[in-house]
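For reference, the chains in residue letters:
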Amino acid sequence: MIDFYASQRAMRNMRRAAIQRGVVAVLDVGTSKIACLVLRFDGSDRLRDAEGIGALAGQAGFRVIGAATTRSRGVRYGEIAAMNETERAIRTALQAAQKMAQIRVDHVIACFSGAAPRSYGIAGQVNVGDVTVCEQDISRVLSSCDVPDYGTGREVLHAQPVNFALDHRSGLGDPRGQRGEDLSVDMHMLTVDATAIQNLAHCVKRCDLELAGLASSAYVAGLSALVEDEQELGAACIDLGGGTSGVSVFLKKHMIFSESARVGGDHITNDISLGLQVPKATAERIKTFYGGVVATGMDDRDMIDIGGETGDWEHDRRRVSRAELIGIMRPRVEEILEQVRKRLDAAGFQHLPCQQIVLTGGGSQIPGLDGLATRILGQQVRIGRPLRVHGLPQAATGAGFASTVGMCLFAAHPQDEWWDFDLPVDTYPARSLKRAVRWFRDNW
Amino acid sequence: MRSLKSSTRTDPAPSRWSYRVQRWWLTPALHKILRIGLPILLVVCAVAGVIGNADRRADIAASIQDLRRQIETRPEFMVNLLAVEGASAVVETEIRELFPNDLPASSFDIDLKAIRDLIIDLAPVAEASVRLRQGGVLVVNVKERVPVAIWRTRGGLALIDGDGVALTLIGQRKDRPDLPVIAGHGADRSVAEAISLLQAAGPIAERVRGLIRVGERRWDVVLDRGQRILLPEHKPVRALERVIVLAELQDLLGRDLSIVDTRLTTRPTIRLSQHAMSELWRIKQTSTDQKTGVAE
């Protein structure tokens, strides 16, 4: 635990330094596209003064100065499958974003969707002895959590304290300064495959960049696609990506569960490609232009040229009705949604007070998806689009950029994680010396 | 698996090196250097290259000098005429001889202050102002010194003004009979006192021959018939006025005495002439003889 703690702390310090310097890049390594935004942090005072603008849900204080998207290569199911290809794709996106921003970026915060995320709810309790709770007590209670055996080859990606309880008062966001006997904490821990992280870190390093943070794509998509009251009251964000469909459940503004189904938009494209006997690029084009999940009578007469380049006139002049296309797509979309349903059921989503479901990600743009999702997932379904952040180009405001925009919010206003609190004092090996060093560092 | 080495499709991704070069190019410090440092460097190099050659430097200096000359000698800046105002003919000639520039000259070459100093250094000039008037005329306004006395020295007779400045030598006393004569060491340094004494001596003016400065501290009034009035160092005018009152009331100066000594203000003294003294003795003797004779 400690070594990972150290590396996460190092990344956090790096992120802090990057924000201090003013420029940081966020990188969304997806299965179908790699998006890169360059953020400039210039203080939020400028916007605070403006009339009628509040804190803007935390997205004030930075500005997007560079944005670039490129087709992803070498990524399958949200994990890096071919390092060189992925590295080139990252390079392409970063170079274009840097060019647009006209500034060199040294620090990057990355997110990815795959690597089999697994959620753990862990709890810890400690006796603080009827004094006001201070930061050290929080550190103690965090370190008292019994970490489950999540297996070798896995790493903790997020570990966020979700809820604090002091004696019999639960639901405390911040127990500091309150008096109580027993302090207990509920934490949500998300682990992923270590190899995926290492591959991504290696790719970023090969691009001469410093990795200043890692996030789960489902989590950050939820940050940007869910509105504040949904995060507060309880909602699930379904990020329908290319290779995976991420599920994240939010309650009291904290993520309490995250999972991902290894099925996504690319499978739909695959089905179309197989079913219509067209190349993948054509299938993708047909899907985005004519795709849908609810067939109507009109769709029988709506004929689509599917083309081809074989030289066979008959083959190249084929036409299918839109109803046929929908017939190919719908089972796969249903399968995706059922997979999501299964994961939500496993997480106990039905016990939440409010069961709002927000669909986002590129896959959510299929026409008629909300109707289909209502049948499978429940009545409260809406299609979510990411928040609008300052300076984001129009091309990057679509649902497919939910996790990219969420990364901006994650970079600007990260939630407390385990490693944001100091280790409890009694675990310091050479306590006084380290404290002296820390005192020096803090004061100079 | 297709060959890893050769791919006919063009790769949209930048190569590692182009990526690195672009990143290097976007470094803010480099940008700053290129935007500010490089132009400055170029300008400095160009200037240094031109300046480095001594001949070229001389050429540049010469051309600048030439240009300056051209501007200076424009008709607007030329001085054509020297006008002297308020000076006598002699002084004017002297000023014209003294004037250092050849007219017409550029007004940039004329140092008005130096010219004024030159003119003021002339003995007969009390004040001078030099200015340029429109139309290229240099006007010298001169106020001459007025001689108030003749100063007799071993070297001869000189006219002297109120400030004690010797103006010109004159041949003989008769050339300026209107002016009084002063003499003695340091007489020129207290001309003003001498003038006030002479004014006070108005009632006996026709008898006054002149004033002599004695020991550089006090005055003697020299009258005709070899008479002298010795004045004190302090308040000499008052002492002279008392002598004049005495002279008017008791005809003091009409008598046969050689010196009226007022150096001690509380005890004025007179000295009889030799002849008067002997006469006095004789008269005294005679009267004594007569008395004794009567008694006998």
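Remember, predicted model here, so these are calculated numbers, not experimental data.

Digging into the nonpolar core
Part 1: Counting residues in each nonpolar core, the largest one holds 122 residues, and the members touching the most others are Ala25, Leu37, Ala110 and Cys408 of chain A.
Part 2: For this core, the element with the most residues is helix 12 (residues 322-347) of chain A, which contributes ten residues.
Part 3: Listed in part, the 24 residues of the second largest apolar core include Val191, Trp219, Val221 and Leu231 of chain B.

Things to note about the pairing of strand 2 (residues 33-41) of chain A
For a regular strand, side chains alternate in direction, first toward one face of the sheet and then toward the other.
Residue and element names in this part refer to chain A.
Part 1: Most of strand 2 is tucked away, with seven of its nine residues classed as buried.
Part 2: Relative to strand 2, strand 1 (residues 23-29) runs antiparallel, the two being bridged by seven bridges. From the neighbouring strand, Asp28 faces strand 2, where its bridge partner is Ala35.
Part 3: In this structure, the hairpin formed by strand 1 and strand 2 is closed by a connection of three residues.
Part 4: Looking at chain direction, strand 2 and strand 3 (residues 62-71) are connected through nine bridges and run antiparallel. If you follow Leu37 over to strand 3, its bridge partner there is Ala67.

Comments concerning the sheet that holds strand 4 (residues 125-133) of chain B
All names here are of chain B.
Part 1: Overall, mixed pairing links the three strands, which are arranged 2-5-4 in an open sheet. With partners counted over all chains shown, the strands left at the sheet margins are strand 2 (81-85) and strand 4, one partner each. Each strand axis lies, on average, 20° off the axis of its neighbour in the sheet, ignoring direction.
Part 2: Inspection of the sheet shows strand 4 paired to strand 5 (residues 137-144) by eight bridges, in the antiparallel sense.

Side note on the pairing of strand 14 (residues 254-261) of chain A
Residue and element names in this part refer to chain A.
Part 1: For strand 14, the buried fraction is high: seven of the eight residues fall into the buried class.
Part 2: Bridging between strand 13 (residues 245-251) and strand 14 involves seven bridges; their strand directions are antiparallel. Of the residues in strand 14, the one forming a bridge with Val249 is Phe257.
Part 3: What sits between the antiparallel neighbours strand 13 and strand 14 is a turn of two residues, in which Lys252 has the positive phi angle 50°.

Some words on the environment of Met11 of chain A
Residues and elements named next belong to chain A.
Part 1: Summarising the element assignment, Met11 is placed in helix 1 (residues 2-21).
Part 2: Assessed through the 19 C-beta atoms surrounding it within 10 Å, Met11 is described here as partly exposed.
Part 3: For Met11 and Glu210, which are 199 residues apart along the polypeptide, the C-alpha to C-alpha distance reads 8.9 Å.
Part 4: Apart from the residues within four sequence positions on either side, Met11 is in contact with Leu211, Ala212 and Gly213.

Structural notes on the confidence of the model for chain A
Part 1: In this model, chain A carries an average pLDDT of 84, and 93% of its residues clear a pLDDT of 70 or more.
Part 2: The model gives residues 53-58 of chain A a pLDDT under 50, and that stretch makes seven contacts with residues more than four places away or in other chains.

A few points about the environment of Pro117 of chain A
All names here are of chain A.
Part 1: One can find Pro117 in the loop between strand 6 (107-112) and strand 7 (118-132).
Part 2: Each C-alpha atom, one on Pro117 and one on Gly246, is 9.2 Å from the other, the two residues being 129 residues apart in sequence.
Part 3: Not counting chain neighbours up to four residues away, the residues in contact with Pro117 comprise Leu157, Leu190, Val192, Ser216, Ser258, Glu259 and Ser260.

A word on the sheet that holds strand 7 of chain A
Residue and element names in this part refer to chain A.
Part 1: An order of 7-10-8-9 is seen for the four strands of this open sheet, with the pairing classed as antiparallel. Two strands bound the open sheet, and with one partner strand each, they are strand 7 and strand 9 (169-172). Along the sheet, successive strands turn relative to each other by an average axial angle of 30°, direction set aside.
Part 2: Pairing of strand 7 with strand 10 (residues 179-193) involves twelve bridges; the strand directions are antiparallel. Considered in strand 10, the bridge of Gly124 is made with Val185.

Structural notes on the interface of chain B and chain A
Part 1: Between chain B and chain A, the contact holds eleven residues from the first and ten residues from the second.
Part 2: Residue classes in the side of chain B that touches chain A are distributed as six nonpolar, two polar and three charged.

Some thoughts on the packing of helix 6 (residues 191-200) of chain B against helix 7 (residues 236-250) of chain B
Residues and elements named next belong to chain B.
Part 1: Across the interface, helix 6 lies against helix 7 with an axial gap of 9 Å and an inter-helix angle of 20°. Viewed along their axes, helix 6 and helix 7 adopt a mutual orientation that is roughly parallel. As for the relative orientation of helix 6 and helix 7, their crossing is right-handed in sense. Of the residues in helix 7, those touching helix 6 at Glu193, Ser196, Leu197 and Ala200 are Pro236, Val237, Leu240 and Glu241.
Part 2: Considered class by class, the residues forming the contact of helix 6 with helix 7 number five nonpolar, one polar and two charged.

Reading the values: rules and limits
- Residues numbered from 1 in each chain as written.
- Chains lettered and ligands numbered in written order.
- Predicted model: local features only at pLDDT ≥ 70, side-chain atom pairs only at ≥ 80, totals over all residues.
- Core = buried A, V, L, I, M, F, W, Y, C linked by C-beta atoms within 7 Å.
- Buried ≥ 20, exposed ≤ 12 C-beta atoms within 10 Å, placed from the backbone.
- Helix = DSSP H or I, 4+ residues; strand = E, 2+ residues; numbered from the N terminus.
- Pairing = 2+ DSSP bridges.
- Axes fitted to C-alpha atoms, helices over the stretch in contact; angles between N-to-C directions.
- Contact = placed C-beta atoms within 7 Å.
- pLDDT = per-residue confidence, 0-100.
- Nonpolar A, V, L, I, M, F, W, Y, C, P; charged D, E, K, R; others polar.
- Parallel < 35°, antiparallel > 145°, perpendicular 65-115°, else oblique.
- Left-handed = near helix turned anticlockwise from the far one by under 90°.

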